Amino acid sequence: MRIFHDRIEVSRFICVRISSHNCTRDALNNKTIKPLLSAFSQIPGSENEKKFTLDQAFRVVLEEEIINKASCENVLAIISLAINGVTEGICTASTPFVLLGDVLDCLPLDQCDRIFTFVEKNVTTWKSNTFYSAGKNYLLRMCNDLLRRLSKSQNTVFCGRIQLFLARLFPLSEKSGLNLQSQFNLENITVFNTNEQESTLGQKHIEEREEGMEVEEGEMGDDEAPTSCSIPIDYNLYRKFWSLQDYFRNPVQCYEKISWKTFLKYSEEVLAVFKSYKLDDTQASRKKLEELKTGGEHVYFAKFLTSEKLMDLQLSDSNFRRHILLQYLILFQYLKGQVKFKSSNYVLTDEQSLWIEDTTKLVYQLLSENPPDGERFSKMVEHILNTEENWNSWKNEGCPSFVKERLGDSKQIRPFVRKRPAPEDFLGKGPNKKILMGNEELTRLWNLCPDNMEACKSESREYMPTLEEFFEEAIEQAVPENMVENEYKAVNNSNYGWRALRLLARRSPHFFQPTNQQFKSLPEYLENMVIKLAKELPPPSEEIKTGEDEDEEDNDALLKENNESPDVQRDKLVTGEQIELFANRLSEYWKLLAPYLDMKDSDIRQIESDSEDVKMRAKQLLVAWQDQEEIPATLENLITALNKAGLHDLAESLTNDTENS
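On a predicted model such as this, the values are computed, not experimentally measured, just so you know.

A. Structural view of helix H27 (residues 601-610). Listing the buried residues of H27 in full gives Asp603, Ile604 and Ile607. The buried side chains of H27 occupy one side of the element, clustering within an arc of 100° when seen end-on. Looking at H27, the residues exposed on the side facing more than 90 degrees away from the buried face are Asp601, Arg605 and Ser609. For H27, the secondary structure elements touched by its buried residues are helix H26 (590-593) and helix H28 (614-627).

B. Region of interest: the nonpolar core. Among the nonpolar cores identified, the biggest contains 52 residues, and Ile79, Ile115, Trp126 and Phe165 are the most heavily contacted of them. Considering each element in turn, this core owes the most residues, ten residues, to helix H4 (residues 72-88). Here isoleucine 115 is in contact with Cys72, Val75, Leu76, Leu100, Val103, Leu104 and Leu107, once residues within four sequence places are set aside. Counting 42 residues, the second largest nonpolar core, distinct from the first, contains Tyr247, Tyr255, Phe263 and Leu366.

C. Up close: the packing of aromatic side chains. Here the structure, examined in full by the defined rule, presents 28 aromatic pairs. Between the aromatic rings of phenylalanine 97 and phenylalanine 131, the centroid separation amounts to 6.2 Å while the plane-to-plane angle is 75°, which identifies the pairing as edge-to-face. Residue phenylalanine 97 is found in helix H5 (residues 95-106), and its partner phenylalanine 131 is found in the loop between helix H7 (123-126) and helix H8 (132-149); the two are separated by 34 residues along the sequence. Like phenylalanine 97, the residue phenylalanine 131 is buried in the burial classification. Both rings, one in tyrosine 328 and one in phenylalanine 332, keep their centres 5.9 Å apart while their planes meet at 45°; by these two values the pair is tilted. Of this pair, tyrosine 328 and phenylalanine 332 both sit in helix H15 (residues 318-336), four residues apart, which is roughly one turn of the helix. Neither tyrosine 328 nor phenylalanine 332 differs from the other in exposure class; each is buried. Over the aromatic face of tyrosine 138 sits the side chain of arginine 141, whose NZ or CZ is 5.6 Å from the ring centroid. Sitting above the plane of the phenylalanine 377 ring, arginine 322 keeps its charged end 4.3 Å from the centroid.

D. Representation of unusual backbone geometry in the model. With an omega of -5°, the peptide bond between proline 371 and proline 372 qualifies as cis. Look at serine 587: it is not a glycine, yet its phi comes out positive at around 35°. Considering the arrangement of structural elements, one finds serine 587 in the loop between helix H25 (576-586) and H26. Classification of serine 587 as buried rests on a relative accessible area of 7%.

E. Up close: helix H9 (residues 156-169). Helix length check: H9, at 14 residues, gives a terminal C-alpha distance of 20 Å against a target of 20 Å (1.5 Å per residue), a fit within 8%. Looking at H9, one finds that the buried residues are Phe158, Cys159, Ile162, Phe165, Leu166 and Leu169. Relative to the axis of H9, the buried residues are bounded by an arc of 120° and lie together on one face. Residues of H9 that are exposed and point over 90 degrees away from its buried face: Val157, Leu164 and Ala167. Where H9 is buried, its residues meet helix H6 (109-121), H7 and H8.

F. Seen up close, the environment of glutamine 197. Tracing the backbone through its elements, the reader meets glutamine 197 in the loop between H9 and helix H10 (201-214). Residues glutamine 197 and tyrosine 235, 38 residues apart in the sequence, show an inter-C-alpha distance of 9.7 Å.

G. Summary view of the pattern of salt bridges. For the structure on display, the rule yields twelve salt bridges. The salt bridge partner of arginine 161 is aspartate 113, with a shortest N-O separation of 2.5 Å. Of this pair, arginine 161 sits in helix H9 while aspartate 113 is found in helix H6, placing the two residues 48 residues apart along the sequence. Judged by its relative accessible area of 28%, aspartate 113 falls in the partly exposed class. When salt bridges with common partners are traced through the structure, they connect Arg25, Glu64 and Glu65 into a single cluster.

H. Up close: a negative patch on the surface. Among the surface-exposed residues, Glu468, Glu469, Glu472, Glu473 and Glu476 lie close enough to one another that they form a single negatively charged patch. Examined against the element boundaries, glutamate 472 turns out to sit in helix H20 (residues 467-478).

I. Highlighting the side chain of glutamine 477. On the secondary structure map, glutamine 477 appears in helix H20. The buried category is assigned to glutamine 477, whose relative accessible area is 12%. In this structure the side chain of glutamine 477 is engaged in a polar contact, spanning 2.7 Å, whose partner is the backbone nitrogen of alanine 490. Apart from residues lying up to four places away in sequence, glutamine 477 is in contact with Asn482, Val484, Tyr488, Lys489 and Ala490.

J. Representation of the packing of H4 against H6 within the structure. Axis separation between H4 and H6 bottoms out at 11 Å; the angle between their running directions is 30°. In terms of orientation, H4 lies roughly parallel with respect to H6. Here H4 runs over H6; the crossing is right-handed. Between H4, through Cys72, Glu73, Val75, Leu76, Ile79, Ser80 and Ile83, and H6, the contact on the second element is made entirely by Gln111, Arg114, Ile115 and Phe118. Its residues assigned to classes, the contact of H4 with H6 comprises seven nonpolar, two polar and two charged.

K. Representation of a nonpolar patch on the surface within the structure. Together, Met437, Leu442, Leu445, Trp446 and Leu448 make up a nonpolar patch on the protein surface, roughly 480 Å² of accessible area in all. Residue position: methionine 437 is located in the loop between helix H17 (374-396) and helix H18 (440-446). The partly exposed category is assigned to methionine 437, whose relative accessible area is 36%.

L. A look at the side chain of serine 259. Positionally, serine 259 belongs in helix H12 (residues 257-276). Among the polar contacts listed, one links the side chain of serine 259 to the side chain of glutamate 256, at a separation of 3.3 Å. Aside from chain neighbours lying at most four places away, what touches serine 259 is Tyr247 and Gln253.

Rules and cut-offs
- Residues numbered from 1 in each chain as written.
- Predicted model: local features only at pLDDT ≥ 70, side-chain atom pairs only at ≥ 80, totals over all residues.
- Heavy atoms only, no water.
- Buried < 20%, exposed > 50% of the residue type's maximum accessible area, 1.4 Å probe, protein only.
- Helix = DSSP H or I, 4+ residues; strand = E, 2+ residues; numbered from the N terminus.
- Arc of directions from axis to C-beta.
- Contact = heavy atoms within 4.5 Å.
- Core = buried A, V, L, I, M, F, W, Y, C linked by side-chain atoms within 4.5 Å.
- Phe/Tyr/Trp six-rings, centres within 6.5 Å; stacked < 30°, edge-to-face > 60°.
- Lys NZ or Arg CZ within 6 Å of the ring centre and 35° of its normal.
- Expected span 1.5 Å × (residues − 1).
- Salt bridge = Lys/Arg side-chain N within 4 Å of Asp/Glu carboxyl O.
- Patch = residues over 30% accessible without salt bridge, like charges linked within 9 Å, V, L, I, M, F, W, Y side chains within 5 Å.
- Areas by Shrake-Rupley, 256 points an atom, 1.4 Å probe, with all protein chains shown as cover.
- Lys, Arg positive; Asp, Glu negative; His and termini not counted.
- Charge placed at Lys NZ, Arg CZ, Asp CG, Glu CD.
- Polar contact = N/O pair within 3.5 Å; in protein donor to acceptor, adjacent residues only side chain to side chain.
- Axes fitted to C-alpha atoms, helices over the stretch in contact; angles between N-to-C directions.
- Parallel < 35°, antiparallel > 145°, perpendicular 65-115°, else oblique.
- Left-handed = near helix turned anticlockwise from the far one by under 90°.
- Nonpolar A, V, L, I, M, F, W, Y, C, P; charged D, E, K, R; others polar.

Following this line, the structure appears as C-alpha cells:
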C-alpha cells in the first residue's frame, strides 16, 4: 500500500508540474497572466506550495528560452509575468530577482546591457514595499557579479550605470554603500617613466629648436601656427609632477615629516609653473566653446595619460589644469577636516596649516584665472567643497537616517505653562541672592553656576581624554621593568575597561582593524591594545622645551633617520605603510611565506576564508605576523623568512629598499 501511495503522489506531482508549465507557456504566448491565475486556483496544496510550484515553472520556461536562444523580448516578458504574479499573490516576492540573476549569468555582455536597461526602468517597482525587502540582496549581488565581469576601462559607461542604479535603489544611510572607515583606493596607482636614462624630453626640445630655425619667416600662416606649450619641460618637472599623484591617492603620507617635505617641494615647483605660464582665452579655447554650442562629442578618460610626449600639451590644456588644481583642494580638505576614523597622530603643525591656507588661496586664484569661465568655475568648486563638509559631519555622527518618524496624532501637545518664580524663602540674603536647595552640598553645587545653559556649555564638561592621558598609567604598568602584578593593573578593572573600549572606538584606528588573534577576556584584549599604543604614542616629556629646542631636535632626528645604517633600519619594526607596499609585491606568494612566519594552519584557513583577493590575503598575513608577540616584526626577520621560503627576489628587493631609504 505504501508503494502504491507513493506512486500516486509522484504521478500527481508530474501532472501538476506539466499543467503549470503549460499554463506558463500559454501566459507567455498570450502576454497575459489569466492562465496562471486559473492554474493557481486548481493546484492542490497549501498557499506556499502553490507559489513554489509556479516559481519552478517560471524558471523551467526561462531555461528553455535561454537554451533556444530566444530574443531578449521573450526573456523580459517572462520576468514581467513574474512581477505581475507577485503583485497578484501567486508567486513569492523573490521570483523576479532569481529569474534576473539566471538571465544575467547566462547571457553575453551585449545582451546583459539590454536586460539591465529593464532593471533600471523598474527601479520604482523594486523600491516598493512588496519587493524591496525580498529583493535588495539579490539586486546587490547581481550588480556586483556584473561589475566583476565588466572592464572598468572598456565598459566605463555600463559600470557607471550600475553604480547609479545602486545609488537610486538604496537609501543614503545604507551601510553597504558607505565608506564608513574613510579608506582610500590605494590600488589607483599612476604609472609613469621613472628611469631618467630612457627619457626623451631633453632631446625633444633640442630637435624642436633646430626644426624651428629651418622654417623661414612668412612661410607659416596664422592658422598653422604651432600650438605647443612654451613651458620649458625637463625630466625633473615630469617626474615631480606625476609623483604628486601618489599623495593624492594616499593623503596620509602628508602627516610624515619626510614625505611632507617632498610634497611641499614638488607642489611649490608645479604651482609655480602654473602661475608663471598662464593660459589665455585664445583660438583653442574658442574652438572648444564652439564645440560645446554645436554639441561636439567629449571624450573622458578614467586614468591620466602619462606619456612624456603629451606633457606639453597637457600643461597647455585648461581642463587638465582644473583636474590637478581640484585634486589639491580635495587633499587640503581632508588634511584640515575632522574625520572620525583618522588616527590621533594625524595632526597638522601650525606651519603646515599656514602653508595649506596660503596654498588654498593660490589654487583658487589659479582656477579663477584659468579659461574659460574661470571665475564662475572657482566659485562653484568652493560651494561644492563647503557642502561636502556637511557630508563629513554626517559620517562622523554614524550616518543617521534622514527619514524622521512623524509624531502620532493621538499625542496631545501640552500647553505651555510659565514656570513660577522661586519663592522668597529659597533666596538667601545678600547681594548675590544665593539659592538655598535644602542641603549644603546641593546648595554649593547649584550656586557654582546658577545659569543651567551656561553650565552645560562650559569647557569643563568635555570629558573625553586623549589616548596619551587615559592609557598613560596602563602603559607604565605594561613595562616589565616596573614589575606590576596582574591583579593591580588598571586593565583588570571592569570600569576602566568599559571606558577604554568607548575611547578606543572614538579615537583609535586599531579598534576596527581586523585581526586573527583570539582573545579570551577583555583584560587580555586591552593589554594587547596597550602594547600597540605604547609603540605609536610619543613618550611623555619631562621638561618643557622651547620652540627652538624642538626645532633643533626635529632636525637632528631627521638627520639621524637619514644617516642610519641599513642594519639599524632593519632592526626597526615594520610600519603599516611598509606592510601596505610589500603586500602588493607578495600577493600570490603569501601562502609560501606563511609557515616561516609561524602561522598555524587554522590561521591560514581563516585568511583564505576572509578574502578572495591575494593582495588582501598577503596584507592580512603580514598584519597577523605583526600582532604576534613571540617574534618581533622587524625587517630583518621578514627578510630571513623570505629567504627560508625561497623567495630570494622579494628578499633582495626589500633589502635594496632598506638600503636606499
